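# An overview of the molecular structure
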Amino acid sequence: MIMLSHIQMEQLRRFSDCCIMHPAIKRIFNDFDELRQNQTLFSEPQCMLLTGDTGVGKSHLINNYKKKVLASQRYSHDTVPVLLSRIHKGNNLDATLIQMISDLELFASHQRKKRGYAVDLTKMLVNSLVRAKVELLIINEFQQLIEFKSLQERQLIANALKFISEEARVPIVLVGMPWAKKIAEEPQWSSRLVRRRKLEYFSLKNDIKYFREYLMGLARYMPFDEPPKLESKHFFISLFAACKGENRRLKYILYEALKIALIDKDNTLNIEHLSYAYERFLSDREEEEVPINPFIQPIDEILISEVIKPSRYNPSALLEEDRVIKPVFSVPKTLAQLLAK
């Protein structure tokens, strides 16, 4: 195993952590800023729902927003302007509330004070949010909290979150898979979710320019004197075929290819790096049929598939592995066939 230097590791980390401010990301960041700014302007805090399929970049987006806020250096050590939490693995409300309190690093002291007594977790969280001066509460993987819950259970969850938001005067952002929008069916939240955004897979058929501009943004974070032309035809077609429009998969392939280029001390990223990274990416996957490596194919023979139906969940599933129904992809086509009217 070839060890990377500290400089190379930092270069890879910078690329891995980069957040390309394309229009959808800018719009969502602006939404977050406005929710925080409007915190004291309305009698009820405004809230938001952000949904998207697996791999579109939801977690990466909210983590980068938190970093951006903390980097402003406007806050003291004791304040938490943006609390980023996620649904506890127990998938129940109490465990999730405890997780949020724990994320604020205040739970231990409260727990000692309340030992031997029933604890009102919602009030405890409200006090913790106020004490930490939280301006925005982001709950990730929210769909896990409402999956396979009855109407009554969803109402209890909605009531608890409503109480927390109002009492602490904190806007809440619910982030999750497409079916997280079930919460919007609850009367308490249908009007409270004043902003609803959806992150989607890239699509060459719908917006080829968007994908190419995104690749240009990623290339600028690569540590070369001249960024590679990822937006060029051979690059963008083969990259899209490899990732099927999924942002996480795209960045993983580029990350592995960049690592190879750095180890080889090459002055740019080329198709050979991507081809080798793609082979490594597929080596651990259990598939009946491994697709042809698009980076070794002629451009006009590369086949492309796009998402035509997002992931969804089956509330009637008896087995856990049958709960989530994977996204459906289009029949593979060449770019010319895909763009044909």
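Our subject is the structure that appears above.
Residues numbered from 1 in each chain as written. Predicted model: local features only at pLDDT ≥ 70, side-chain atom pairs only at ≥ 80, totals over all residues. Heavy atoms only, no water.

## Overview of the overall build of the chain
- For the chain, the helix and strand inventory stands at 14 helices and 9 strands.
- By the compact-globule yardstick of 20 Å for 341 residues, the chain fits well, its C-alpha radius of gyration being 23 Å.
- For the chain, contacts bridging at least 24 residues in sequence account for 73% of all contacts bridging at least 6.
- Carbon and sulfur atoms form 50% of the exposed surface of the chain, whose accessible area is close to 18,700 Å².
- Taking the average location of the 50 positive side-chain charges in the chain and that of its 43 negative ones, the two points are 6 Å from each other. (Helix = DSSP H or I, 4+ residues; strand = E, 2+ residues; numbered from the N terminus. Rg over C-alpha atoms; globule rule 2.2 N^0.38 Å. Contact = heavy atoms within 4.5 Å. Areas by Shrake-Rupley, 256 points an atom, 1.4 Å probe, with all protein chains shown as cover. Lys, Arg positive; Asp, Glu negative; His and termini not counted. Charge placed at Lys NZ, Arg CZ, Asp CG, Glu CD.)

## Things to note about the packing of helix α11 (residues 233-243) against helix α12 (residues 247-263)
- At a closest axis distance of 8 Å, the pairing of α11 and α12 adopts a crossing angle of 120°. Relative to α12, the element α11 is oriented oblique. In this structure, the crossing between α11 and α12 has a hand that is right-handed. Counted together, Leu-239, Ala-242 and Cys-243 of α11 and Arg-249, Leu-250, Ile-253 and Leu-254 of α12 form the full contact between these two elements.
- Class assignment of the residues belonging to the contact of α11 with α12 gives a composition of 6 nonpolar, no polar and 1 charged. (Axes fitted to C-alpha atoms, helices over the stretch in contact; angles between N-to-C directions. Parallel < 35°, antiparallel > 145°, perpendicular 65-115°, else oblique. Left-handed = near helix turned anticlockwise from the far one by under 90°. Nonpolar A, V, L, I, M, F, W, Y, C, P; charged D, E, K, R; others polar.)

## So, the sheet that holds strand β4 (residues 172-176)
- The 5 strands are arranged β2-β3-β4-β1-β5 in an open sheet whose pairing can be described as parallel. Every other strand in the sheet has two partners, leaving β2 (82-86) and β5 (193-199) as the edge strands with one partner each. Sheet twist, expressed as the average angle between the axes of neighbouring strands with direction ignored, equals 15°.
- As paired elements, strand β3 (residues 136-140) and β4 share 3 bridges and run parallel to each other. Pairing of Ile-139 across the sheet is with Leu-174, part of β4.
- Against the sheet, helix α2 (residues 23-37) touches β1 (47-52), β2, β3, β4 and β5, its axis set at about 155° to β5. (Pairing = 2+ DSSP bridges.)

## Focus: the nonpolar core
- With 41 residues, the main nonpolar core has Leu-218, Leu-230, Leu-250, Leu-254, Leu-269 and Leu-274 as its most contacted residues.
- In this structure, Leu-254 is in contact with Phe-15, Leu-218, Met-222, Leu-230, Leu-239, Leu-269 and Leu-274, ignoring residues within four places of it in sequence.
- Leu-83, Met-100, Ile-139 and Ile-164 belong to the second largest nonpolar core, which has 35 residues in total. (Core = buried A, V, L, I, M, F, W, Y, C linked by side-chain atoms within 4.5 Å. Buried < 20%, exposed > 50% of the residue type's maximum accessible area, 1.4 Å probe, protein only.)

## Some points on α12
- Taking 1.5 Å of rise per residue, 17 residues should cover 24 Å, and α12 covers 24 Å from first to last C-alpha, within 8% of that figure.
- In terms of residue burial, α12 counts as a mostly covered element, since 13 of its 17 residues are buried.
- Directly beyond the C-terminal end of α12, a positive phi value near 60° is found at Lys-265. (Expected span 1.5 Å × (residues − 1).)

## Describing the environment of Ser-275
- As for its placement among the helices and strands, Ser-275 is situated in helix α13 (residues 271-283).
- Here Ser-275 falls in the buried class, since its relative accessible area comes to 12%.
- Sequence separation between Ser-275 and Lys-26 is 249 residues; the distance between their C-alpha atoms is 32 Å.
- When near neighbours in sequence (up to four residues on either side) are disregarded, Ser-275 contacts Asn-293, Phe-295 and Ile-296.

## Considerations on the packing of aromatic side chains
- With the rule as written, the count across this model stands at 8 aromatic pairs.
- For the ring pair Phe-202 and Tyr-214, a centre distance of 4.8 Å and an interplane angle of 40° mean the geometry is tilted. Here the residue Phe-202 occupies a position in the loop between β5 and α10 (204-219), and Tyr-214 occupies one in helix α10, the gap between them amounting to 12 residues.
- Here Phe-202 falls in the buried class, since its relative accessible area comes to 9%.
- Here a set of aromatic residues connected by ring pairs shows up, and it is made of Phe-202, Tyr-210, Phe-211, Tyr-214 and Phe-240.
- The ring of Trp-189 carries the charged tip of Arg-192 above its face, separated from the ring centre by 5.9 Å.
- The aromatic ring of Phe-329 is capped on one face by Lys-244, whose charged end is 4.8 Å from the ring centroid. (Phe/Tyr/Trp six-rings, centres within 6.5 Å; stacked < 30°, edge-to-face > 60°. Lys NZ or Arg CZ within 6 Å of the ring centre and 35° of its normal.)

## Here's the deal with unusual backbone geometry
- You will see that Lys-133, though not glycine, has its phi angle at about 55°, which is positive.
- In this structure, Lys-133 sits in the loop between α6 (121-131) and β3.
- The exposure class of Lys-133 is exposed, given its relative accessible area of 57%.
- In this structure, Lys-265 takes a positive phi of about 60° despite not being glycine.
- Relative accessible area serves as the criterion here: at 71%, Lys-265 is assigned to the exposed category.

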